[in-house]
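Chain and residue survey
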Amino acid sequence: MGKLTVGALRAVLVVVLAGTVFVQALMVWALATDPEDGSLPLTPLRVITILGMVSVQVALVCVWRLVTMVRRGTVFSHAAFRYVDGVIGAIVAAALIWFAVTAINAPGQRDDPGVTVIMGGVGLAILGVALIVLVLRMLLAQAVARDVEAAHMQAELDEVI
């Protein structure tokens, strides 16, 4: 991974992290100062938004750590699995949070249930992303196993020579 790519990715991660912290601060401020007007259950939606931002932040930190490992050349190690698992967990949490938003929004969509179906489909798509990352984790596991095997074979070859 080149320095420009790493720098660009880190810049994006910092901007997104700052944005999530800003949204969380606004939601906390709204919880403390803005009363509900009765049209929507605002308090649960605000709490869900705060939790959703936490799941994004967890994923961002894990991606940051993985990029650091790639830059150092240590990504093909068992230490990388905890960060990949963190990304998977954050994505699953985001899907569950999205399903909660869908459930809160559903009673208001009785006349047009298509919105609820679409929102459910988006939740399934988010879970699909978690499955894709799980497949990538399996590929990482194979790469780590091959790297360990190659190191072992290199050690045996060094003994022979």
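Here's a quick rundown of the structure. (Residues numbered from 1 in each chain as written. Predicted model: local features only at pLDDT ≥ 70, side-chain atom pairs only at ≥ 80, totals over all residues. Heavy atoms only, no water.)

Our next topic: the overall build of the chain. Helix and strand counts for the chain stand at 4 helices and 0 strands. Going residue by residue from the N terminus, the α and β elements of the chain occur as α-α-α-α. Here the chain holds 161 residues, and the buried ones make up 27% of them. When contacts within the chain are restricted to residue pairs at least 6 apart in sequence, those whose partners lie at least 24 apart make up 71%. As displayed, the chain offers around 10200 Å² of accessible surface, 73% of which is attributable to carbon and sulfur atoms. Charge centroids of the chain, computed over 10 positive and 11 negative side chains, lie 9 Å from each other. (Helix = DSSP H or I, 4+ residues; strand = E, 2+ residues; numbered from the N terminus. Buried < 20%, exposed > 50% of the residue type's maximum accessible area, 1.4 Å probe, protein only. Contact = heavy atoms within 4.5 Å. Areas by Shrake-Rupley, 256 points an atom, 1.4 Å probe, with all protein chains shown as cover. Lys, Arg positive; Asp, Glu negative; His and termini not counted. Charge placed at Lys NZ, Arg CZ, Asp CG, Glu CD.)

Turning to helix 2 (residues 42–72), a few remarks are in order. For helix 2, spanning 31 residues, the distance from its first C-alpha to its last is 45 Å, which sits close to the expected 45 Å at 1.5 Å a residue. Of the residues trailing helix 2, G73 is marked for its positive phi of about 80°. (Expected span 1.5 Å × (residues − 1).)

Here we take up the packing of helix 3 (residues 79–105) against helix 4 (residues 114–160). At a closest axis distance of 9 Å, the pairing of helix 3 and helix 4 adopts a crossing angle of 170°. One element, helix 3, and the other, helix 4, form an angle in the roughly antiparallel class. Split by residue class, the contact of helix 3 with helix 4 holds 25 nonpolar, 5 polar and 2 charged. (Axes fitted to C-alpha atoms, helices over the stretch in contact; angles between N-to-C directions. Parallel < 35°, antiparallel > 145°, perpendicular 65-115°, else oblique. Nonpolar A, V, L, I, M, F, W, Y, C, P; charged D, E, K, R; others polar.)

Time to look at the side chain of S55. On the secondary structure map, S55 appears in helix 2. Engagement of the side chain of S55 in a polar contact is seen with the backbone oxygen of G52, the distance being 2.7 Å. Apart from the residues within four sequence positions on either side, S55 is in contact with A90, A93, A94 and I97. (Polar contact = N/O pair within 3.5 Å; in protein donor to acceptor, adjacent residues only side chain to side chain.)

With 47 residues, helix 4 ought to run about 69 Å at 1.5 Å a step, and its terminal C-alpha atoms sit 69 Å apart, in line with that. Here the buried face of helix 4 lies against helix 3.

Membership of the largest hydrophobic core comes to 15 residues, with the highest contact counts inside it found for L66, M69, A80, V84, V133 and L140. Of all the secondary structure elements, the ones that give two or more residues to this core are helix 2, helix 3 and helix 4. Among all residues touching V133, those that are not within four sequence positions of it are V84, V87, I88 and I91. Among the nonpolar cores identified, the runner-up in size contains 5 residues, and L45, I48, I97 and M119 belong to it. (Core = buried A, V, L, I, M, F, W, Y, C linked by side-chain atoms within 4.5 Å.)

Attention shifts here to the environment of V12. Along the polypeptide, V12 turns up in helix 1 (residues 3–33). The spacing of V12 and I118 is 106 residues in sequence and 29 Å in space, taken between C-alpha atoms.

Another point: the packing of aromatic side chains. Throughout the structure, instances matching the rule amount to 0 aromatic pairs. Positioned over the ring face of W64 is R10, at 4.8 Å from the centre of the ring. (Phe/Tyr/Trp six-rings, centres within 6.5 Å; stacked < 30°, edge-to-face > 60°. Lys NZ or Arg CZ within 6 Å of the ring centre and 35° of its normal.)

A few words now on the environment of R10. Looking at the secondary structure, you find R10 in helix 1. Counting along the chain gives 48 residues from R10 to V58, while the straight-line C-alpha distance between them is 15 Å. Leaving out residues up to four positions away in the same chain, R10 has contacts with W64, V67 and T68.

For the coordinates displayed, the defined rule picks out 1 salt bridge. Where R137 meets D85, a salt bridge forms, and the shortest distance between an N and an O atom there is 2.5 Å. Placement of the pair is R137 in helix 4 and D85 in helix 3, with a sequence separation of 52 residues. (Salt bridge = Lys/Arg side-chain N within 4 Å of Asp/Glu carboxyl O.)

That is the geometry; function is a separate question.
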